[in-house]
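Each chain, written out:
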Amino acid sequence: MSELKTIYDRKLKLELPPGQSAFLWGVRQSGKSTYLKTHFPDSYYINLLKTDLFVLYSKSPNLFREHIQALSTELKSRPIIIDEIQKVPLLLDEVHYLIESESLSFILCGSSARKLKRSGVNLLGGRAWKFEFYPLTFAEIPDFDLAKALSHGLLPPHYDNTHFKRAIRAYISEYIKEEIQAASLVRNLPAFSRFLDAVGFNQGGIVTYANIASDVGVDAKTVKEYFQILVDTLLGIEIPPYQKKIRREILSKSPKFYLCDVGVANALANQTLHLSHNETLQGEAAGHAFEHFILMELVAYRGLHEKDFPITYWRTKAGLEVDFILGRGEVAIEVKLSMEVRARDLNGLFAFVEEHQPRRALVISQDLLPRILTGPEGQEILIIPWRDFLTRLWDPEQCLALIGDLN
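Residues numbered from 1 in each chain as written. Predicted model: local features only at pLDDT ≥ 70, side-chain atom pairs only at ≥ 80, totals over all residues. Heavy atoms only, no water.

Caption draft 1: Fine view of the environment of G204. Checked against the element boundaries, G204 lands in the loop between helix 10 (189-201) and helix 11 (209-216). Its relative accessible area of 15% is what places G204 among the buried residues. When the C-alpha positions of G204 and A265 are compared, they lie 9.5 Å apart, and in sequence the two are 61 residues distant. If we skip the residues at most four places from it in the chain, G204 touches K256, F257 and Y258. (Helix = DSSP H or I, 4+ residues; strand = E, 2+ residues; numbered from the N terminus. Buried < 20%, exposed > 50% of the residue type's maximum accessible area, 1.4 Å probe, protein only. Contact = heavy atoms within 4.5 Å.)

Here it is in structure tokens:
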């Protein structure tokens, strides 16, 4: 008997007025198709992963227009959904025509806009709103299990999967085949595979193109292009440095890079997370995964609430560092796996507070209860358990009290 799929309460609010179209972008297997079928059950649905449709519309895009025009008035009154739109970019001209001539509404779904942007195709000139879909978040999972999230990752097919390691390996192979090879995004596929391995081991670190290029066997310019491919195909995100300099010198202008999912990052780094005898997370790998997880929650919160505040990191030449700075320095966040955070572990955060005076400075940890920790110059740091932080982050009123309105 096959296992029943868990139904998650996704937080995206894709609500369109009559006649409005939308793009919905999201990394593969994040649940976009399931979401659309659930929220628009009566819409006409076209999936370009179907070989016959892909071949038909690739050869004769005009047939798409003729098929849509033949739909009933009732079906044309609802958003028409096209999944994997990036596979047949020429359909966007037909979509544009139908929006203009017949006031139809479309939801255009895909895992990457890179091929569309690089081909110079019609992106509808602002006629479609842009939405982004994310892997699962804390707020979407009942009985959230942190150890499972950090080990399995938060893509829906992996989180509750007993065979998650095998599933993630297949996912990475499929990604290379479908997104990279099929779309002809790189010429040297073996080099790109070596690059992915290097990214896994450098996960969450400051990007040094020359060093990675030496490991991969290509030049630094090519490595920079490879990173851009990961960003464009939504498999990764770059976090730039916070650049407002007061007294201390900033270490680097290079970004940090994080993959879209902690489970995928674990697989590429070939690392397994460890639990102590009382089932608490421990070790360097778990610490990096915990930091990565908190970042992805912040990214998803920002996107799903249609906010645009920057997320950066801070580091000086002396090695003082803060994991995440939100907005223009209003909120400073350090992520620690510790069960009891101590002042000696927070020199970077104390230094940032002293120099930049953020509205809120906090440490997300495995502490049992919130507390205020006072620094050597009287700086106040809120130590907050991770579950408390995420509960408050995803609650509109509590979030405002926690980090304020960053827009």
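Caption draft 2: Region of the structure containing the layout of surface pockets. Its boundaries defined by the atoms lining it, the second largest pocket holds a volume of some 710 Å³. Lining the second largest pocket are 25 residues, with K130, E132, Y134, V231 and L234 sitting closest to its centre. Those elements giving two or more residues to the lining of the second largest pocket turn out to be strand 1 (21-26), helix 6 (114-119), strand 5 (128-133), helix 12 (220-232), strand 6 (236-239) and helix 14 (284-304). Here the residues of the lining of the second largest pocket are counted per class, giving 15 nonpolar, two polar and eight charged. (1 Å grid on protein atoms, 1.4 Å probe; cavity = no way out; pocket = protein on both sides within 12 Å on 5 of 7 lines; lining within 4 Å. Points joined across faces, edges and corners; volume = space filled by probe spheres on them. Nonpolar A, V, L, I, M, F, W, Y, C, P; charged D, E, K, R; others polar.)

Caption draft 3: Representation of the side chain of T137. Along the chain, T137 turns up in the loop between strand 5 and helix 7 (146-152). A residue is classified by how much of its surface remains accessible, and T137, at 1% relative accessible area, is buried. In contact with T137, not counting residues within four places along its chain, are E297, A300 and W394.

Caption draft 4: Just the nonpolar core, in detail. L14, F144, F290, I333 and F389 are the most contacted members of the largest nonpolar core, which totals 66 residues. With near-sequence residues (within four places) excluded, I333 lies in contact with L298, V322, D323, F324, L326, L362, I364 and F389. Residues I80, I172, Y226 and C260 belong to the second largest nonpolar core, which totals 57 residues. (Core = buried A, V, L, I, M, F, W, Y, C linked by side-chain atoms within 4.5 Å.)

Caption draft 5: Up close: a nonpolar patch on the surface. Judged by side-chain polarity, M339, L368 and L369 come together as a nonpolar surface patch covering roughly 360 Å² of accessible area. Looking at the element boundaries, L369 is found in the loop between strand 13 (360-365) and strand 14 (371-374). (Patch = residues over 30% accessible without salt bridge, like charges linked within 9 Å, V, L, I, M, F, W, Y side chains within 5 Å. Areas by Shrake-Rupley, 256 points an atom, 1.4 Å probe, with all protein chains shown as cover. Salt bridge = Lys/Arg side-chain N within 4 Å of Asp/Glu carboxyl O.)

Caption draft 6: A look at empty space enclosed by the protein. Counting across every chain of the model gives two cavities of 30 Å³ or more. In this structure, the largest cavity spans a volume of roughly 90 Å³. Lining the largest cavity, in full, are Y134, P135, L136, T137, L154, C260, D261, V262, F293, M296, E297 and A300. Here the lining of the largest cavity gets four residues from one element, more than from any other, and that element is helix 14. Of the residues belonging to the lining of the largest cavity, the class tally is nine nonpolar, one polar and two charged. Of the pockets and cavities examined, the second largest cavity occupies roughly 30 Å³. For the second largest cavity, the full set of lining residues is R10, K11, L12, F133, Y134, E140 and L304.

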